[in-house]
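Structural description and commentary
So you can see what is in the structure, the chains are spelled out below.
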Amino acid sequence: MKLYFTRHGKTQWNQEKRFQGMMGDSPLLAESFRAIETLGETLKEVPFEKIYTSSARRAYLTAEGIKSRLNHPVEIVRTDDLRELGLGSLEGQLVDVMHEKYGVNMDNLRSRLDLYDPAPFDGETIEQMLKRTTGVVHKAVAEAKEGPLLFVGHGASLTAAIQALTGKPTAELRAMGGLYNNSLTILETSEHSQPYKLIKWNDVNFLDKLNQNPDAIL
């Protein structure tokens, strides 16, 4: 069974380089809808069984945009468990300003999640986030008939969850960098077994004609 993953379209806060997190949710940029449509066109022949999306507006609007381009539109399931990593008081704040305040901890958020400590700003732990996000995937796979399935989520949480599903330890979950907006990643599982096999990672080649600069702040 193949599992497709994409990060939501670029938002106002992405452009301003602000943390969004679990509860922050700024509007999609106008240009993002073109990118979402392009991704939908790229996936239009894929016979998805279901689409699972974060309940955050920026994610489910992305899911709906993709669905509108599919030859075989399917049910969209919204779930809080696919929301972004909870960042507490960081949400809505400028990335550069928070980096000056928290220094190494922000570097760890980008590259060494095993060393990341969310306590200073009352954020969610990586373990808590992985439990809910990978849990959605495991449950969806278990309930699916044949797939494929599409998951629409966020940069930090999806990046970590996808890499965890391939069997990587927490220290290596950011080793391949973060997901770009509207990128395409594909995993494959045989007989619902783990680790899942990585088929495609963070592909944005289909967006080249839009002349958009990819962004992977988280």
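Within each chain, residues carry numbers counting from 1 in the order of the written sequence. With the structure being a predicted model, the display of local features is reserved for residues of pLDDT at least 70 and the display and counting of side-chain atom pairs for 80 or more, all residues being used for whole-chain, interface and lining totals. For side-chain calculations, the full set of non-hydrogen atoms in the structure is used, while hydrogens and water are omitted.

**Some thoughts on the overall build of the chain**
Our working rule: What counts as a helix is a DSSP run of H or I of at least four residues, what counts as a strand is a run of E of at least two, and both are numbered from the N terminus. For each residue, the accessible area found with a 1.4 Å probe, counting protein chains only, is set against the maximum for its type, and the residue is called buried under 20%, exposed over 50%, and partly exposed in between. The contact rule is simple, with two residues in contact once any of their heavy atoms fall within 4.5 Å. Note that accessible areas follow from Shrake-Rupley with a 1.4 Å probe, and for residues the cover is restricted to the protein chains shown. Here the positive residues are Lys and Arg and the negative ones are Asp and Glu; neither His nor the chain ends is included. Charge positions come from single atoms, namely NZ of Lys, CZ of Arg, CG of Asp or CD of Glu.
Of regular secondary structure, the chain possesses 7 helices and 6 strands. Reading the chain from its N end, one meets helices and strands in the order β-α-α-β-α-β-α-α-α-β-α-β-β. A principal-axis box enclosing the C-alpha atoms of the chain has dimensions of 50 × 40 × 25 Å. Scored against the burial criterion, the 218 residues of the chain give a buried share of 54%. Pairs at least 24 apart in sequence give 73% of the contacts found in the chain among residues at least 6 apart. Accessible surface for the chain amounts to roughly 9,800 Å². Of this, 47% is attributable to carbon and sulfur atoms. The positive charge centre, built from 26 side chains, and the negative charge centre, built from 29, are 3 Å apart in the chain.

**Considering the packing of helix α2 (residues 30-43) against helix α3 (residues 57-67)**
Cut-off, in case you're wondering: Axes, fitted as lines to C-alpha atoms, cover a helix only where it is in contact. Angles between the N-to-C directions of the axes lie from 0 to 180 degrees. Under this scheme an angle from 65 to 115 degrees is roughly perpendicular, one under 35 degrees roughly parallel, and one over 145 degrees roughly antiparallel; angles in between are oblique. Note on convention: the crossing is left-handed when the near helix lies turned anticlockwise from the far helix by less than a right angle, right-handed when the turn is clockwise. In this count, Pro and Cys sit with the nonpolar residues alongside Ala, Val, Leu, Ile, Met, Phe, Trp and Tyr, while Asp, Glu, Lys and Arg are called charged and the others, Gly among them, polar.
Following both chains from N to C, one finds α2 and α3 inclined at 45°, their axes separated by 8 Å at the closest point. With respect to α3, the element α2 is oriented oblique. By crossing handedness, the relation of α2 to α3 is classed as right-handed. Residue-level inspection shows I36, L39, G40 and L43 of α2 in contact with α3, the latter providing T62, G65 and I66. Considering only residue class, the contact of α2 with α3 consists of 4 nonpolar, 3 polar and no charged.

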